[in-house]
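Coordinate inspection notes
One-letter residues, chain by chain:
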Amino acid sequence: MGDACLAWNCNLKPLICESDALEVVNVILGITHHNFHPYAKIALQVRSLLDRDWDVILQHVPREANDATDTLASLSFTYC
């Protein structure tokens, strides 16, 4: 959630948020009933942040695609 707050404070628009946790994405988007989800409180906080007046897309990304992103991010720190 800290990255989204930073993006809001820096007025970054549009913003694309990706997660490999489909169930969590569905809870945040309201597709899945959230009352009994272990992360319901956090999901509602994220939802309220995403409901602000800005362009945000929240989408599911398969874990395999996320692994490639993580590897590229790790390499960027190695060569800086």
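A brief look at the structure comes next.

Rules used in this analysis
Residues numbered from 1 in each chain as written. Predicted model: local features only at pLDDT ≥ 70, side-chain atom pairs only at ≥ 80, totals over all residues. Heavy atoms only, no water. Core = buried A, V, L, I, M, F, W, Y, C linked by side-chain atoms within 4.5 Å. Buried < 20%, exposed > 50% of the residue type's maximum accessible area, 1.4 Å probe, protein only. Helix = DSSP H or I, 4+ residues; strand = E, 2+ residues; numbered from the N terminus. Contact = heavy atoms within 4.5 Å. Axes fitted to C-alpha atoms, helices over the stretch in contact; angles between N-to-C directions. Parallel < 35°, antiparallel > 145°, perpendicular 65-115°, else oblique. Left-handed = near helix turned anticlockwise from the far one by under 90°.

**A closer look at the nonpolar core**
Counting residues in each nonpolar core, the largest one holds 12 residues, listed as Ala7, Leu15, Cys17, Val25, Val27, Ile28, Ala43, Val46, Leu49, Leu50, Trp54 and Leu58. Contributions of two or more residues to this core are made by strand E1 (15-19), helix H2 (22-29) and helix H3 (40-50). Looking at which element gives the most residues to this core, the answer is H3, with four residues. In this view, Ala7 contacts Leu12, Leu15 and Trp54; residues no more than four positions away in its chain are not counted.

**Observations regarding the packing of H2 against H3**
In contact at an axis separation of 8 Å, H2 and H3 are set at 60° when each is read in the N-to-C sense. As the angle between them shows, H2 and H3 are arranged oblique. Crossing handedness for the pair H2 and H3: right-handed. Of the residues in H3, those touching H2 at Val27, Ile28 and Leu29 are Ala43, Val46, Arg47 and Leu50.

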